[in-house]
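Chains, contacts and geometry: an overview
Each chain is listed here by its residues.
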Amino acid sequence: MKIDGTHYRTIWLADDGRAVEIIDQTKLPHEFTTLRLETAEDCARAIRDMNVRGAPLIGATAAYGICLALLADPSDAALDAACALLGATRPTAVNLHWAIAEMRAAVLPIGTQARAEAAFARAAALCDADVETCRMIGVHGLSIVRGIAEAKPGRPVNILTHCNAGWLGCVDWGTALAPIYMAHDAGIPVHVWVDETRPRNQGAALTAFELGGHGVPHTIIADNAGGHLMQHGHVDMCITGTDRTTATGDVANKIGTYLKALAADASGIPFYVALPHTTIDWSLTDGIAQIPIEERDAREITHVTGRAENGEIVTVEISAPGSAALNYGFDVTPARLITGLVTERGLCAASREGLLGLYPERRG
Ligand code: MRU
């Protein structure tokens, strides 16, 4: 997607081929800066500190982290160490482990002399595949938006989303936002309700930045406002991304997604989840019991960072000093609350049979 007319992906190989560059998402929306990552440790730090975030992008960054480790030392021991380091950065998004497994399988059979080159080729292919996958999610999701638009001619389709499941969370296009971009580009009037998404505000900071950059009408709302808007008929559909989807269609996504799904269910509003196949954990059958939920620093709740009126970026404390705070990063929305899953292969029910219908190679 474009920033100020220039096309960007969220991660790319540096010109000298010895590093990758990323958009530093901790600085958005106020500053557009890029970071150069030269080692696996740099990549692990960028994932942990959320300079990069979003399930597919975490996977892509880990893939390049393995490349950089092999550039320095192509031995099996270095490969193992990089996989362990990167795999321990964030627990919930399964794309991380998927990408590490893909990279490991690609380079292990290759002799150490050619390993780094093979790794870079594989990482680039994974990134290209993610772009195409997200584009196809957009194509399939567009049919949902179009259907709603046809039922209310001349009026915008009001879509509520949570967190950032746009191009900044992927390599390009995004998951939940891809259908919205496609609808907008197709001339379908859309308006997006953007949940601010406390505590890190990925909605207010990143989703709003993306949508604004693409010219998509949107309004930022407090996380608590969605239920009220749904009760009053101001939301036609919800769509979010996911960080891990069970084989039975439960999804883990940014904390607060579950409450939006409950509110949508109570108001009879369709609730869709968009995902690439890399987000499906086929080994799990019960999201609430089995998906590991990240717990992050309580300081993300007690403090906020933003731009002061003098233009300076400042961090301020917003809670009563000394009070305890608990910061779960994700929650699980059970399949029964999900109207449908939007994947690169099409739409399906959030169920084992639904997913197997799209991914029959997973049967048995
Ligand atoms: O903690 P984050 O910002 O990495 O969480 C991201 C999300 O929850 C997204 O909704 C998810 O990764 C969807 S796919 C882009």
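Here the structure is a predicted model, which is why all the values come from computation and not from measurement. (Residues numbered from 1 in each chain as written. Predicted model: local features only at pLDDT ≥ 70, side-chain atom pairs only at ≥ 80, totals over all residues. Heavy atoms only, no water.)

Those residues of helix α9 (residues 257-267) that sit buried are T257, K260, A261, A263 and A264. The buried residues of α9 occupy one face: seen down the axis, they fall within an arc of 165°. Turned more than 90 degrees from where α9 packs its buried face, L259 and A266 sit exposed. One or two residues past the end of α9 sits G268, with phi positive at roughly 70°. (Buried < 20%, exposed > 50% of the residue type's maximum accessible area, 1.4 Å probe, protein only. Helix = DSSP H or I, 4+ residues; strand = E, 2+ residues; numbered from the N terminus. Arc of directions from axis to C-beta.)

This paragraph deals with the sheet that holds strand β11 (residues 251-254). Read across the sheet, four strands follow the order β13-β10-β11-β16 without closing on themselves; strand pairing throughout is mixed. In this open sheet, the two edge strands, each paired with only one partner strand, are β13 (280-281) and β16 (330-333). In the sheet, β11 pairs with β16 via four bridges, with the strands oriented antiparallel. Bridging across to β16, A252 finds its partner in V332. In this fold α9 packs onto β11 and β16, with an angle of close to 30° to the strand it touches most, β16. (Pairing = 2+ DSSP bridges. Contact = heavy atoms within 4.5 Å. Axes fitted to C-alpha atoms, helices over the stretch in contact; angles between N-to-C directions.)

With that out of the way, let us pick up the packing of aromatic side chains. The full count for this structure, using the stated rule, is four aromatic pairs. Arranged with centres 6.3 Å apart and planes meeting at 45°, the rings of Y64 and F120 form a pair that is tilted. Linking Y64 in helix α2 (residues 55-72) with F120 in helix α5 (residues 112-151), this pair joins segments that are 56 residues apart in sequence. Seen from their ring centres, W282 and Y359 are 5.8 Å apart, and the 70° between their planes marks the pair as edge-to-face. Linking W282 in the loop between β13 and α10 (287-290) with Y359 in the segment after α12 (352-358), this pair joins segments that are 77 residues apart in sequence. Taking relative accessible area as the criterion, Y359 reaches 2% and is therefore assigned buried. (Phe/Tyr/Trp six-rings, centres within 6.5 Å; stacked < 30°, edge-to-face > 60°.)

Attention now goes to the domain arrangement of the protein. You can read the domains of the protein as domain 1 (2-129) and domain 2 (137-362). Between the C-alpha centres of domain 1 and domain 2 there is a distance of 24 Å. Contact residues are listed per partner, giving 30 residues for domain 1 and 33 residues for domain 2. Counting the surface domain 1 buries against domain 2, the share from its top three residues, H30, R53 and T92, is 23%. Counting every contact that joins domain 1 to domain 2 gives one salt bridge. Linking E294 and R90 is a salt bridge whose minimum nitrogen-to-oxygen distance equals 2.7 Å. When residues of the side of domain 1 that touches domain 2 are traced back to their parent elements, those giving at least two are α2 and α4 (95-107). If you tally residues by element for the side of domain 1 that touches domain 2, the top one is α2, at four residues. (Domains from an automatic or database assignment. Buried area = accessible area lost by both parts, 1.4 Å probe. Salt bridge = Lys/Arg side-chain N within 4 Å of Asp/Glu carboxyl O.)

Another aspect to go through is the site of the ligand. Neighbouring residues of the ligand: 19 residues in total, closest R53, A55, R90, N253 and K254. The side chain of R53 places a nitrogen or oxygen atom 2.9 Å from an oxygen atom of the ligand. Measuring from an oxygen atom of the ligand, one finds a side-chain N or O atom of D243 at 3.0 Å. Taking 410 Å² as the accessible area of the ligand by itself, protein coverage stands at 100%. Among the residues making up the shell around the ligand, the classes are represented as seven nonpolar, eight polar and four charged. Viewed by domain, the shell around the ligand spans two of them, domain 1 (2-129) and domain 2 (137-362), each represented by three or more residues. (Near = heavy atom within 4 Å. Polar contact = N/O pair within 3.5 Å; in protein donor to acceptor, adjacent residues only side chain to side chain. Areas by Shrake-Rupley, 256 points an atom, 1.4 Å probe, with all protein chains shown as cover. Nonpolar A, V, L, I, M, F, W, Y, C, P; charged D, E, K, R; others polar.)

What follows deals with helix α7 (residues 202-214). Taking 1.5 Å per residue as the helical rise, α7 with its 13 residues ought to reach 18 Å, and the 17 Å between its terminal C-alpha atoms agrees with that figure. Most pronounced at A208, the bend in α7 amounts to some 30°. Regarding α7, the residues found buried are Q202, G203, A205, L206, T207, A208, E210 and L211. In this structure, the buried side of α7 is in contact with β6 (157-161), α6 (178-185), β7 (190-195), β8 (218-221) and β11. Following α7 by one or two positions, G215 has its phi on the positive side, about 80°. (Expected span 1.5 Å × (residues − 1). Bend = angle between axes of the 7 residues up to and from the residue.)

What follows deals with the pairing of strand β9 (residues 237-240). The side chains of a regular strand alternate between both faces of the sheet. Burial along β9 is two-sided: M237 and I239 facing one way and C238 and T240 facing the other are all buried. Of the strand pairs in this sheet, β6 and β9 are connected by two bridges, and their pairing is parallel. Bridge assignment links L160 to a residue of β9, and that residue is C238. Note: β9 against strand β12 (residues 271-274), three bridges, orientation parallel. Considered in β12, the bridge of I239 is made with Y272.

Glancing now at the environment of P270. Checked against the element boundaries, P270 lands in the loop between α9 and β12. For the pair P270 and G340, spaced 70 residues apart in sequence, the C-alpha separation works out to 8.2 Å. P270 has contacts with D236, M237, C238 and T339, leaving out every residue within four places of it along the chain.

Now for the pattern of salt bridges. Under the counting rule described, the total for this entry stands at 18 salt bridges. The closest approach of N and O atoms between D80 and R104, which form a salt bridge, is 2.6 Å. With D80 in helix α3 (residues 76-87) and R104 in helix α4, this residue pair connects regions lying 24 residues apart in the sequence. Exposure remark for R104: the relative accessible area of 27% places this residue in the partly exposed category.

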